[in-house]
Amino acid sequence: MTKHAVRAARMFDGERLVDGGVLVLLDDGWIADVHQGRAEAPEGWPVREEPDGTLLPGLVDAHVHLCADAGPDALGRLAERPETDLDTVIEASLRAHLAAGVTTVRDLGDRRDAVLRWRGREVPDGLPTVVGSGAPVTSVGGHCWSLGGEASGVDGIREAVHRRAAAGADLVKVMASGGVFTPGTDTTRPQFTDQELIAALTQAHDLDLPVTAHAHALSAVEQALRVGVDGIEHCTCVTAAGAHVPDELADRLAAAEVAVCATLGTDPAVVAPPEVVAMAARAGLSEAALRDGAATLHRAGVRLVAGSDAGLGPAKPHGILPETLVEYVACGIPATAALTAATSVGAQVCGLGQRKGRVRPGFEADLLVVDGDPTRDISVLRRPLAVYRAGEPS
């Protein structure tokens, strides 16, 4: 089906809602034209009719772990998982994202660059586009050390970044603080010195790679902002007293135009095991604190992107991004801003802003159709009517 069209009641184009009807023409995987109002398709072009549907760009999940199968201790078990299993897990993860309307993912931590190797081979058609960091750069024994990214000292950090580039990474992820799921690490303190983080940033930028920093600790967020990273993951701003994003820090993040991925979103049907609740509590990461932090970031005008941290465990299955957006709106973030974070802004942060994330002629025909208006009820994203990847329905 090379040439076909989709007609819907309305369209979210990646920035704003367009009401009053829309007809989008798809030709060989690209958006050929967009007509507002009651336009007719060219002769011979089949038309899919969605009389109460909203057409959107395919969603972008800017923080996933494709190698992790969303089972208990999914990242921890990766250390012992046979390499031959990982391709199957990666492809199953991507199919789950696609079914949820996600057509682009940013993988921020695989095991020893397994996602990058998978992507370099001939892969099945029709799966979401994958932007990948490879194994995250972490301190010796630091957060997610078992994924194979341990490094220390300025020279060691530079070499680690160089290896990521040689493996084909699109960006570098640095574990700037400890994390909840790695015993022995500290969510309240940085893992690297300023000099080490600057070395990572300088080496990555010399290789034309952006850097995003995993940072729970307030001191690690301050450090990441100070040295000039391109993005921050989580940004929970944990101290010994708990998690809280200071208003003045949010203002500085906005002024620096740092992309922040707050990684909200869990499956409401999954009850977290007591040990997971206890780990989060020890780290000061209550649901209320996470939502308050995201709201503070939005009010300050921080460049928010949408990412789910999918794959980490049963409450974070692949394809959970609609719940991320539901939680963004529950924080008081307007639905249009939440949708923008998961479309045009997400595509820009992934380095794909010139061809993804918008419904616009000349862009890739990655599209999502939902029943109803997500700017009025964001939960309609939970029920996709159709998902197109490169112009073909999935």
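Everything that follows concerns the structure shown earlier in this document.
As a starting point, this report considers the structure included with it. Every value quoted in this text rests on a predicted model; they were computed, and no experiment measured them. (Residues numbered from 1 in each chain as written. Predicted model: local features only at pLDDT ≥ 70, side-chain atom pairs only at ≥ 80, totals over all residues. Heavy atoms only, no water.)

**Some remarks on the packing of helix H5 (residues 194–206) against helix H6 (residues 218–227)**
- At a minimum axis separation of 10 Å, H5 and H6 run at an interaxial angle of 50°. Of the possible angle classes, the one that applies to H5 and H6 is oblique. Seen along the crossing, H5 lies across H6 with a hand that is right-handed. Side by side, H5 and H6 meet where Asp194, Leu197, Ile198 and Leu201 of the first sit next to Gln223, Ala224, Arg226 and Val227 of the second.
- For the contact of H5 with H6, the per-class residue count stands at 5 nonpolar, 1 polar and 2 charged. (Axes fitted to C-alpha atoms, helices over the stretch in contact; angles between N-to-C directions. Helix = DSSP H or I, 4+ residues; strand = E, 2+ residues; numbered from the N terminus. Parallel < 35°, antiparallel > 145°, perpendicular 65-115°, else oblique. Left-handed = near helix turned anticlockwise from the far one by under 90°. Contact = heavy atoms within 4.5 Å. Nonpolar A, V, L, I, M, F, W, Y, C, P; charged D, E, K, R; others polar.)

**Concerning the state of the cysteines**
- This structure, assessed with the given rule, holds 0 disulfides.
- Here Cys261 is not cross-linked by a disulfide; its sulfur's nearest cysteine counterpart is in Cys350, at 9.3 Å.
- You can call Cys261 buried: its relative accessible area is 0%. (Disulfide = S-S within 2.5 Å. Buried < 20%, exposed > 50% of the residue type's maximum accessible area, 1.4 Å probe, protein only.)

**With respect to the pattern of salt bridges**
- Tallied over the full model, the rule gives 30 salt bridges.
- Between Asp170 and Arg119 there is a salt bridge whose closest N-O contact spans 2.5 Å. A residue pair is termed long-range when its members are at least 10 positions apart, and Asp170 in the loop between helix H4 (153–166) and strand S8 (172–175) and Arg119 in helix H3 (residues 114–120) qualify at 51 residues.
- Using a relative accessible area of 26% as the deciding quantity, one classes Arg119 as partly exposed.
- Overlapping salt bridges bring together Arg355, Lys356, Glu364, Asp366 and Arg389 as one network. (Salt bridge = Lys/Arg side-chain N within 4 Å of Asp/Glu carboxyl O.)

**Focus: H4**
- Its 14 residues give H4 an end-to-end C-alpha distance of 20 Å, which sits within 8% of 20 Å, the value for a rise of 1.5 Å per residue.
- On the buried face of H4, the contacting elements are S8 and H5.
- Gly168 sits one or two residues past H4 and shows a positive phi near 100°. (Expected span 1.5 Å × (residues − 1).)

**Overview of the sheet that holds strand S7 (residues 129–132)**
- A sheet is described by the order of its strands in space; here 3 strands give the open sequence S5-S6-S7, paired in parallel fashion. The strands lining the two open edges of the sheet, one partner per strand, are strand S5 (59–64) and S7. Ignoring strand direction, the axes of neighbouring strands in this sheet form an average angle of 20°.
- Pairing geometry for strand S6 (residues 102–107) and S7, over 4 bridges, is parallel. Its bridge partner lying in S7, Thr104 is registered against Thr129. (Pairing = 2+ DSSP bridges.)

**Re the nonpolar core**
- Counting 88 residues, the largest nonpolar core has Ile232, Leu253, Leu297, Leu325 and Tyr328 as its most contacted members.
- Sorting elements by how many residues they give to this core places H6 first, with 6 residues.
- Ile232 has contacts with Thr212, Ala213, Ala215, Val221, Ala224, Leu253, Val258, Ala259, Val260 and Cys261, leaving out every residue within four places of it along the chain. (Core = buried A, V, L, I, M, F, W, Y, C linked by side-chain atoms within 4.5 Å.)

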